[in-house]
Amino acid sequence: MSTATEAASEEIHDADEAHDDHDHGLSDFGYIKVALLLAVLTAAEVLIYFAPPGALEVPLLLILMVVKFEIVVAYFMHLRFDNKLFTWMFVGGLVLAIAVYAAMGTSMLFWTDPSGCDLSPNLNC
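So, how was this worked out
Residues numbered from 1 in each chain as written. Predicted model: local features only at pLDDT ≥ 70, side-chain atom pairs only at ≥ 80, totals over all residues. Heavy atoms only, no water. Helix = DSSP H or I, 4+ residues; strand = E, 2+ residues; numbered from the N terminus. Buried < 20%, exposed > 50% of the residue type's maximum accessible area, 1.4 Å probe, protein only. Lys, Arg positive; Asp, Glu negative; His and termini not counted. Salt bridge = Lys/Arg side-chain N within 4 Å of Asp/Glu carboxyl O. Contact = heavy atoms within 4.5 Å. Expected span 1.5 Å × (residues − 1). Core = buried A, V, L, I, M, F, W, Y, C linked by side-chain atoms within 4.5 Å. Phe/Tyr/Trp six-rings, centres within 6.5 Å; stacked < 30°, edge-to-face > 60°.

> Residue-level account of the side chain of Glu 57, with values.
Within the element layout of this structure, Glu 57 appears in helix H3 (residues 57-76). Buried and without a salt bridge, Glu 57 has Lys 68 as its closest oppositely charged side chain, separated by 14 Å. Other than its neighbours up to four places away in sequence, Glu 57 contacts Ile 48 and Tyr 49.

Take a look at the structure:
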């Protein structure tokens, strides 16, 4: 009986050692650097938002959004250290989200009634 217990204990110990050898992430200092980079990018977003509006405001904010999404997913969700299939799944989701956002945004501008009224039921048009 004690032999079976000792063998099971050795298997658990070996599994723990194998898990410890698998490096899956950054050091603490690496995560601090990533967090500081995200803070700088967030500060840039806030400055762009509160600056006088211009033609580049929305594209710059969208680009910063995508960059921050990539950094968070790559490092904090450990996607950078995982299989590339997971990366393509997240990229596909991001592309789908941007396409839905663009379709919604264009609906406000392009999908209107030629008389100038929107497509909502309004008896005054």
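> Give a description of the pattern of salt bridges that names residues and reports values.
Close approach of charged atoms lets side chains of opposite charge pair. For the structure on display, the rule yields 1 salt bridge. A salt bridge links Lys 68 to Glu 45, with the nearest nitrogen and oxygen atoms 2.9 Å apart. Note that Lys 68 is positioned in helix H3 and Glu 45 in helix H2 (residues 28-50), a separation of 23 residues in sequence. Accessibility classification places Lys 68 together with Glu 45 in one group, the buried group.

> I'd like to hear about H3, residue by residue, with values.
Taking 1.5 Å per residue as the helical rise, H3 with its 20 residues ought to reach 28 Å, and the 28 Å between its terminal C-alpha atoms agrees with that figure. Regarding H3, the residues found buried are Glu 57, Leu 64, Lys 68, Ile 71, Val 73, Ala 74 and Tyr 75. A positive phi of about 60° marks His 78, the residue just after H3.

> Can you break down the nonpolar core residue by residue, with the values?
Formed by Val 34, Leu 38, Leu 41, Ile 48, Leu 64, Ile 71, Ala 74 and Tyr 75, the largest nonpolar core amounts to 8 residues. For this core, the secondary structure elements donating two or more residues are H2 and H3. Every residue in contact with Tyr 75, bar those within four places of it in the chain, is listed here: Leu 26, Tyr 31, Val 34, Arg 80 and Phe 81.

> Give a description of the packing of aromatic side chains that names residues and reports values.
Inspection of every chain in the model, using the stated rule, returns 3 aromatic pairs. Between the aromatic rings of Tyr 49 and Phe 50, the centroid separation amounts to 5.1 Å while the plane-to-plane angle is 80°, which identifies the pairing as edge-to-face. Just as Tyr 49 is exposed, Phe 50 falls in that class too.

On their own, these measurements won't tell you what the molecule is for.
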